[in-house]
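# Structural characterization, general
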Amino acid sequence: MPTFRAPRGTRDLLPADAARFQGLIAIARDLTDRYGYRPIETPVFEQAAVFERGIGEVTDVVEKELFRIAPRTDEAEAWALRPEPTAGIVRAWVQHGMQTWPQPVRLTTIGPMFRYDRPQAGRYRQFWQFDVEALGDPGPAIDAEIIELGHRFYGRAGVAGVEVHLNSIGDAACRPSYLAALVDFYRERAGAVPGPARARLERNPLRLLDSKDPTMVAINAGAPRIVDHLCAACAAHFAAVRAHLDAVHVPYRLEPGLVRGLDYYSRTAFEYYVTAREGQQQALGGGGRYDGLVELLGGRPAPGIGFGLGLDRVALVLEEQGMADDAGPGVPAPDVVVVSADPADTIARFVVATRLRGAGLAAQPDLGQRKLGRQLEAAARDGAHFAVILGDELAGGHVQVRDLKAGSQRLVAVDDLARELGRAVASHRHGTGE
Ligand code: HAM
């Protein structure tokens, strides 16, 4: 027999991990509800062209990391797993004519994304993103709303020391002349620029600024900065975004080298980092404005901005900071366990527990065939408050209800059981402030 393992770069989220993720998702949902972002779900795979055109052919995400789905012989369409949700959401915007909805349209989604990345801590081939998008508003106020929302999410999740790195990468008016200056700069140093970077120089010079190659990092320190080449409209937009952030005291740092890894961005670009995270350069999240993306994917031009926050990285940082609460086995203790004197009588336990569950109680029948003592031991271990014990009294329509915490026990009519237990559980919860 082969030993099967989760594919390289993927992880099983066991109950304790999954419970932590669910906690983060609950925070994200609570915030987006309050900020007026409505849920959207798009397929985890799309036509590959949605990503190629939307994210850009000359990006790592498309060139190296796209999980392509081999087409079946009878299908011409090439598909790929989504490496991020923005392109798919914009595809949906165009397909469903959302430009006719009241503007702006605020949307949010949470789910797994797929990138054929080189796996390492915090970098996986399947990872989770909390994403928000606001379409139809050119900003700048909504840019600040989104940046503040992401910052608040980290605060609510308990991540300490999150800082926004902020830049403007200009628009169609000012970027071309900046790119020309950048290409000139690299050409003057062509001898020093490593081969892979040189290959990208003509096709996508902005990507060179994003390089992690130490030689490029050194060269880039002297590269022209886009903030020095912004047109008047982009400069005014950028100043207004900062003024809005200042007004709500979101801490940010201007990062002229921040260009983002996807091609659809214009103007506002930002990433979230934990300051002074030992040896870590990984962004916890990032986003920006994409005013040309709707048109690129075939729609009437409409502006947009959003972010994607990596939940795996949030969980990792919480662990590093000692903030990962012990979620235990990930299942809350049952209110009630149902046990019986007859080890073989699983039907009676199953029937009573099913009735209690139908009445809204967290009831857990012991479905094994072990002795009553063992069943009660397991109930205490699971942290149950009450045990319903089925014995001889059942013939007369009664059962024993034991309060496992108080050690008391009394006879209750089966017909009254759900009501009595419901009341007891409610008063117990009230008493413990749960
Ligand atoms: P991104 O910067 O490519 O942006 O990804 C956003 C976040 O996803 C990253 O900051 C990181 O936390 C997480 N992430 C990315 N790749 C991985 C990986 N391999 N393993 C674990 N986490 C990862 C976007 O995806 C844009 N769609 C954001 C956006 C939304 N822009 C506008 N709207």
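It should be emphasised that the depicted structure is a prediction, and the values quoted were computed from it without experimental measurement.

### Overview of the overall build of the protein chain
Secondary structure assignment for the protein chain yields 15 helices and 16 strands. Scaling as 2.2 N^0.38, a compact globule of 434 residues should have a C-alpha radius of gyration of about 22 Å, whereas the protein chain reaches 28 Å, well beyond that. Here the protein chain holds 434 residues, and 46% of them are scored as buried. Contacts in the protein chain between residues at least 24 apart in sequence constitute 69% of all its contacts with a sequence separation of at least 6. Total accessible area computed for the protein chain in this model is approximately 21300 Å², and 53% of it derives from carbon and sulfur atoms. Here the protein chain carries 50 positive and 55 negative side-chain charges, and the mean point of each set is 1 Å from the other.

### Comments concerning the site of the ligand
Inspection of the region around the ligand gives 27 residues, with Glu84, Thr86, Tyr124, Glu133 and Tyr265 positioned closest. A distance of 3.0 Å is found between an oxygen atom of the ligand and a side-chain nitrogen or oxygen belonging to Gln129. If the ligand stood free it would expose 660 Å²; the protein chains cover 95% of that surface. Grouping the amino acids of the shell around the ligand by side-chain chemistry returns nine nonpolar, 10 polar and eight charged.

### Structural notes on the state of the cysteines
In total, this model carries zero disulfides according to the counting rule given. The thiol of Cys231 is unpaired, and the distance to the nearest cysteine sulfur, on Cys174, comes to 3.6 Å. Considering cysteine sulfurs only, Cys231 is the nearest to Cys234, which forms no disulfide, with 3.7 Å between them.

### What about the sheet that holds strand E16 (residues 408-413)?
Taken in spatial order, the five strands of this open sheet run E13-E12-E14-E15-E16, and their pairing is mixed. On the outer flanks of this sheet lie strand E13 (363-365) and E16, each paired with one strand and no other. With strand direction ignored, the average angle separating the axes of adjacent strands in the sheet is 25°. Judged from the three bridges that link them, strand E12 (residues 336-340) and E13 form a sheet pairing that is parallel. Bridge pairing in E13 places Val338 opposite Pro365. Sheet strands in contact with helix H13 (residues 346-358) are E12, E13 and strand E14 (386-390), and its direction is about 170° off that of E13. Against the sheet, helix H14 (residues 372-381) touches E12, E14 and strand E15 (398-403), its axis set at about 170° to E12.

### Regarding the nonpolar core
In globular proteins that are soluble, nonpolar side chains generally tend to be buried together. Core analysis: the largest hydrophobic core is formed by 89 residues, its most contacted members being Phe153, Val159, Tyr186 and Tyr272. If you tally residues by element for this core, the top one is helix H5 (residues 141-157), at eight residues. One finds Val338, Leu356, Phe386 and Leu421 within the second-largest nonpolar core, a separate group that totals 18 residues.

### Some thoughts on helix H1 (residues 15-35)
Taking 1.5 Å of rise per residue, 21 residues should cover 30 Å, and H1 covers 30 Å from first to last C-alpha, within 8% of that figure. When H1 is considered as a whole, its buried residues turn out to be Phe21, Leu24, Ile25, Ile27, Ala28, Leu31, Thr32 and Tyr35. Projected down its long axis, H1 shows its buried positions confined to an angular sector of 155°, all on one face. Exposed and oriented more than 90 degrees from the buried face of H1 are Asp33 and Arg34. Packing partners of the buried residues in H1 comprise strand E5 (105-114), strand E6 (126-135), H5 and helix H12 (311-320). Residue Gly36 follows H1 closely and has a positive phi angle near 85°.

### Quick notes on the environment of Phe270
Along the polypeptide, Phe270 turns up in strand E9 (residues 266-274). Looking at Phe270, the relative accessible area reads 0%, which means it is buried.

### Some words on the environment of Thr215
Secondary-structure assignment places Thr215 in helix H9 (residues 214-220). Look at Thr215 and you get partly exposed, because its relative accessible area is 37%. When the C-alpha atoms of Thr215 and Val193 are compared, they prove to be 7.4 Å apart, with 22 residues separating the residues in sequence. With sequence-adjacent residues up to four places away left out, Thr215 is seen in contact with Ala192 and Pro194.

### Here's the deal with the domain arrangement of the protein chain
We note that the domain assignment places domain 1 (15-174 + 230-320) and domain 2 (336-429) within the protein chain. Distance between the C-alpha centres of domain 1 and domain 2: 49 Å.

### Overview of the sheet that holds E9
With mixed pairing, the eight strands of this open sheet are ordered in space as E1-E5-E6-E11-E10-E9-E7-E8. In this open sheet, the two edge strands, each paired with only one partner strand, are strand E1 (38-39) and strand E8 (252-254). The pairing of strand E10 (residues 285-289) with strand E11 (residues 304-310) spans five bridges and is antiparallel. Within the sheet, the bridge partner assigned to Gly285 lies in E11 and is Leu309. Along the sheet face, H5 touches E5, E6, strand E7 (162-168), E9, E10 and E11 and points at about 15° away from the line of E11.

The rules behind the values
- Residues numbered from 1 in each chain as written.
- Predicted model: local features only at pLDDT ≥ 70, side-chain atom pairs only at ≥ 80, totals over all residues.
- Heavy atoms only, no water.
- Helix = DSSP H or I, 4+ residues; strand = E, 2+ residues; numbered from the N terminus.
- Rg over C-alpha atoms; globule rule 2.2 N^0.38 Å.
- Buried < 20%, exposed > 50% of the residue type's maximum accessible area, 1.4 Å probe, protein only.
- Contact = heavy atoms within 4.5 Å.
- Areas by Shrake-Rupley, 256 points an atom, 1.4 Å probe, with all protein chains shown as cover.
- Lys, Arg positive; Asp, Glu negative; His and termini not counted.
- Charge placed at Lys NZ, Arg CZ, Asp CG, Glu CD.
- Near = heavy atom within 4 Å.
- Polar contact = N/O pair within 3.5 Å; in protein donor to acceptor, adjacent residues only side chain to side chain.
- Nonpolar A, V, L, I, M, F, W, Y, C, P; charged D, E, K, R; others polar.
- Disulfide = S-S within 2.5 Å.
- Pairing = 2+ DSSP bridges.
- Axes fitted to C-alpha atoms, helices over the stretch in contact; angles between N-to-C directions.
- Core = buried A, V, L, I, M, F, W, Y, C linked by side-chain atoms within 4.5 Å.
- Expected span 1.5 Å × (residues − 1).
- Arc of directions from axis to C-beta.
- Domains from an automatic or database assignment.

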